[in-house]
Amino acid sequence: MAEYKARESWMRNFPPMDYLEEGDILIIRGKRFEIKDSFKWDGRRVYATNGGQVFYADELKRID
């Protein structure tokens with residue numbers, strides 16, 4: 001299990017975060033989401049989280 005900080009962006013001018021796995025923690029704006037499922041939909045990597053949120057890998061930008 002790894003932990004990543006990210007922000008959402010619809011610009012898609014950066015590498016997608018397509019390497020997340022089940023159990024990884026995604027932190028966006030201080031809120032923690034655990035990745036429960038990862039799948040492809042319409043040619044895009046999608047992450048479903050424990051809170052019911054869905055994120056697209058190409059709309060996530062990793063920050064440190």
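Conventions adopted
All residue numbers refer to position in the chain's written sequence, counted from 1. Two thresholds apply to this predicted model, a pLDDT of at least 70 for residue-level local features and 80 or more for giving and counting side-chain atom pairs, whereas whole-chain, interface and lining totals are computed over all residues. Computation of side-chain values: all heavy atoms of the structure, hydrogens and water removed. Relative accessible area decides the class of each residue, using a 1.4 Å probe on protein chains only: under 20% of the type maximum gives buried, over 50% gives exposed, and in between gives partly exposed. Strands here are runs of E lasting at least two residues and helices are runs of H or I lasting at least four, both read from the DSSP assignment and numbered beginning at the N terminus. Strands are treated as partners if at least two bridges between them are detected by DSSP. Convention adopted: a line fitted to C-alpha atoms gives each axis, helices being fitted over their contacting stretch, and angles between N-to-C directions are expressed from 0 to 180 degrees. Any Lys or Arg side-chain nitrogen found within 4 Å of a carboxyl oxygen on Asp or Glu counts as a salt bridge.

Novice: Describe the pairing of strand β4 (residues 44–49), naming the residues involved and giving the relevant values.
Specialist: In terms of burial, β4 is a largely internal element, five of the six residues being buried. Note that strand β3 (residues 31–41) and β4 share six bridges and pair antiparallel. For Lys-40, the partnering residue across the bridge sits in β4 and is Arg-45. Where β3 hands over to β4, the hairpin turn is made up of two residues, of which Asp-42 adopts a positive phi near 55°.

Novice: Run through the sheet that holds β3, naming residues and quoting values.
Specialist: Overall, mixed pairing links the six strands, which are arranged β5-β4-β3-β2-β1-β6 in an open sheet. The open sheet has two edge strands, β5 (54–56) and β6 (60–63), and neither has a second partner. In this sheet, neighbouring strand axes are inclined to one another by 45° on average, regardless of whether the strands run parallel or antiparallel. Across three bridges, the pairing between β4 and β5 is antiparallel. In the strand pairing of β5, Tyr-47 is matched with Phe-55.

Novice: Just give me the short version of the pattern of salt bridges, but keep the residues and values in it.
Specialist: Evaluation of the coordinates by the stated rule reveals four salt bridges. Residues Arg-32 and Glu-3 are paired through a salt bridge, measuring 3.1 Å at the closest nitrogen-oxygen approach. Of the two residues, Arg-32 is situated in strand β3 and Glu-3 in strand β1 (residues 3–8); the sequence distance between them amounts to 29 residues. A relative accessible area of 49% means that Glu-3 is categorised as partly exposed. As a salt-bridge pair, Glu-34 and Lys-36 come within 3.6 Å of each other at their nearest N and O atoms. For Glu-34, a relative accessible area of 25% puts it in the partly exposed group. Through salt bridges that share partners, Arg-44, Asp-58 and Glu-59 make up one connected network.

As far as function goes, none of this settles anything; it's purely spatial.
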